[in-house]
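# Structural overview
Spelled out from the first residue to the last, the chains are:
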Amino acid sequence: MTAESSNSSDAPVATRPGPTDAAAAAPPPPRRLVQVRDLGVWFRLHRKKRTSLKSALLSGHLAAKHELLWALRHVSLECHEGQVVGVIGPNGAGKSTLCLTLARILTPDEGEVRIEGQVSSLLTLGAGFNRELSGRANIQLYAAFLGIPRRRLDEKMEEIIDFSELGGFIDEPVRSYSTGMRARLGFSVVTTLDPEILVLDEVLSVGDRAFRAKSEERMRQMMRQSKLIIIVSHSSSLLREICTHCLWLEQGRTRRWGAAGEILDAYDEKMGGTDADPAETDA
Amino acid sequence: MISNLSNLVARRDLLRELVRSELRSSTAETRLGWLWWFLDPLLLMLIYWAIVVGVLGRGKEQYAPYPVFLLCAIITWKHFASAAGTSTRILRAKEPLIKAIPFPTMVLPLSQVLSNFLFFSFGIAVVFVASMLVGGQNHSGDYVPLVQVPALMALQIVIVAGFALPLSCFGALLTDLSGLIVHLLRIGFYMSPGLFGIDMVRDALKRLDPKAAEIAWLPENLSAILFSIYMLNPFAILITGYRNAIFYGQYLEWRYWLILLIEAVILSCIGYRIFQHYDRRVIKFI
């Protein structure tokens, strides 16, 4: 598995010319934006109860010893400018952990992750909302968490409010919002970012049918602007549509890495169907 | 270590926005708004006043007016207790946010320290106005000692942050701590000179001296040593400092300033290092 991944990682194209030919003929290679080398991230397993003070004092460790589960291990990956990289795999394959690591929320326990450029991640929408504050105040707070400068936010404020379609609700406390309204608000703020590297974790479906179409259009626009997109999904048809490359993860290991069509064909064959059930995709 | 600190400086907008939303949300929904912060200290003040002066009849003349004397200590402790208490819970409470957006998590406990500090500074102003109105023990009319107040407040913020940072990590790793901290903070208040002044502590310790003299291996100046140890509590110095400046119109002894300064540096450095150590690991536990 590992050998397969490291071989194909250097050559995204199906036919591989000899090293000397490439150096002579090819234009300068696209800039490498993400380099993941032998990445490993673990979590603790079988934690029936959280560490109590007593056990911590007895063991002398704040973090008691537990069996480790490697959510990711020996994963290597190189992404260049202009690529759209899909990450696919069954539940528990380590897709989200990879996203968290690329978004610099989790730090690698093994190996290294090198990222050149500004990364933005759309992992969970509206996680930082303060329920007691108005939608408007929450836009400011959320934007501050995302690192959107105040001046830029002031310029974009009306656009965000318009896009969210919240109307008069924008000055009501977020407590009174429906789940869809919160997601819309979160989505509207997040998409004002213009990152070089965009990490997405299946947040494409937001709100009702009309808003969904609008948000998909906004997503595509954002994807056109960014230099590299890494997107996690269960849906191979979505990935087939937009990706140039694909990483197939299974139980935290790289199953295959290479050109999108090839990998997705193999994935669909293995999973026994052209696509996952749409209902499952939404979950 | 430096990189994280500069990261924090770069994200000072976030810290400001967090403090602002903290203040806003605490005032937004309730009719009394930010008065809630003061309701607790004022109630405590009334209770202690009623018990100590009314029931026990133990009001000392140099502590009069006793409510103002009490309030000095109660709000100082309240700043610490609120910041430390919420910090132990905050990383767990903000878990979805921490797992969704990369940001220096240090801003979460620090925003608690700062927002509570703003309430506290308002409280100190109240204490000052109250002691002007009802008259404290400052009979000379010399208000120059008030210049000590900003310096004390600056040291206090650093010390409280030095406790809040490690507590936020420990609170996320040990679930029991958020329950335990309430009791620890209560014990801490009664051990600090809240209901009494440090002169009473000194007197109480002096009563040990005759007994200690009978035991050969105990040092002669036992009470002085014990008193010095007692005064290592930074809040004993801070409370005494505020009382000296506002209530008595006196200066805090220079050695206490020195102790306070050293403690502020040590506590904040250790607190920062502990936070650095556990910061990213905590994400896997919450």
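### Structural notes on the nonpolar core
The biggest cluster of nonpolar side chains holds 135 residues, and the ones touching the most others in it are Val87, Val199, Ile230 and Cys246 of chain A together with Cys72, Val160 and Ala164 of chain B. Tallying contributions element by element places helix 4 (residues 66-93) of chain B first for this core, with 15 residues. Cys72 of chain B has contacts with Val127, Ile239, Tyr242, Arg243, Ile246 and Phe247 of chain B, leaving out every residue within four places of it along the chain.

### Looking at the sheet that holds strand 3 (residues 84-88) of chain A
Residues and elements named next belong to chain A. The mixed open sheet is built from 6 strands, whose spatial order is 5-6-7-3-8-9. Of all the strands in the sheet, the pair left with one neighbour each is strand 5 (119-122) and strand 9 (253-259). Between one strand and the next, the sheet's axes are offset by a mean angle of 15°, whatever the strand orientation. Looking at chain direction, strand 3 and strand 8 (residues 245-250) are connected through 4 bridges and run parallel. For Ile88, the partnering residue across the bridge sits in strand 8 and is Trp248.

### Topic: the confidence of the model for chain B
In the predicted model, chain B carries a mean pLDDT of 89, and the fraction of residues at 70 or more is 98%. Between the elements of chain B, mean pLDDT differs from a low of 74, seen in helix 1 (residues 2-10) of chain B, to a high of 96, seen in helix 7 (residues 148-173) of chain B.

### Side note on the interface of chain B and chain A
Contacts between the two partners involve 24 residues from chain B and, on the opposite side, 29 residues from chain A. Those elements giving two or more residues to the side of chain B that touches chain A turn out to be helix 2 (12-28), helix 5 (95-98) and helix 8 (177-191) of chain B. For the side of chain B that touches chain A, the leading source of residues is helix 2 of chain B, giving 7 residues. Counted by class, the side of chain B that touches chain A contains 13 nonpolar, 3 polar and 8 charged residues.

### Description of the sheet that holds strand 4 (residues 110-115) of chain A
Residues and elements named next belong to chain A. Pairing in this open sheet of 3 strands is antiparallel, and the strands run 2-1-4 from one edge to the other. Each end of this open sheet is capped by a strand with a single partner; those strands are strand 2 (68-80) and strand 4. Ignoring strand direction, the axes of neighbouring strands in this sheet form an average angle of 20°. As defined by bridge partners, strand 1 (residues 32-44) adjoins strand 4 across 5 bridges and the pair is classed as antiparallel. Residue pairing for strand 4: Val34 is matched across the bridge by Ile115.

### Notes on unusual backbone geometry
Residue and element names in this part refer to chain A. In this structure, Asp38 takes a positive phi of about 55° despite not being glycine. Secondary-structure assignment places Asp38 in strand 1. Phi at Arg104 takes a positive value of approximately 65°, unusual for a residue other than glycine. Structurally, Arg104 is set in the loop between helix 4 (95-102) and strand 4. Assessed through the 15 C-beta atoms surrounding it within 10 Å, Arg104 is described here as partly exposed.

Criteria and cut-off values
- Residue positions are given per chain, counting from 1 as you read along its sequence in written order.
- All chains are assigned letters beginning with A, and all ligands numbers beginning with 1, in the order in which they are written.
- This being a predicted model, a pLDDT of at least 70 is required before a residue's local features are given, and a value of 80 or more before pairs of side-chain atoms are given or counted; all residues contribute to the totals for chains, interfaces and linings.
- Definition of nonpolar core: a set of buried Ala, Val, Leu, Ile, Met, Phe, Trp, Tyr and Cys residues joined via C-beta atoms within 7 Å.
- Burial in this document is a count-based property: other C-beta atoms within 10 Å of a residue's C-beta are tallied, and the residue is buried at 20 or more, exposed at 12 or fewer, or partly exposed in between, with C-beta positions derived from the backbone.
- To qualify as a helix, a DSSP run of H or I must reach at least 4 residues; to qualify as a strand, a run of E must reach at least 2; elements of each kind are numbered from the N terminus.
- What counts as a contact is two residues whose backbone-derived C-beta atoms lie within 7 Å of each other.
- Whether two strands pair comes down to DSSP finding at least two bridges between them.
- Throughout, an axis means a line fitted to C-alpha atoms (over the contacting stretch in the case of helices), and angles, computed between N-to-C directions, take values from 0 to 180 degrees.
- Confidence of the predictor at the level of single residues is captured by pLDDT, which takes values from 0 to 100.
- Ten residue types, Ala, Val, Leu, Ile, Met, Phe, Trp, Tyr, Cys and Pro, are classed as nonpolar, four, Asp, Glu, Lys and Arg, as charged, and the remainder, Gly among them, as polar.

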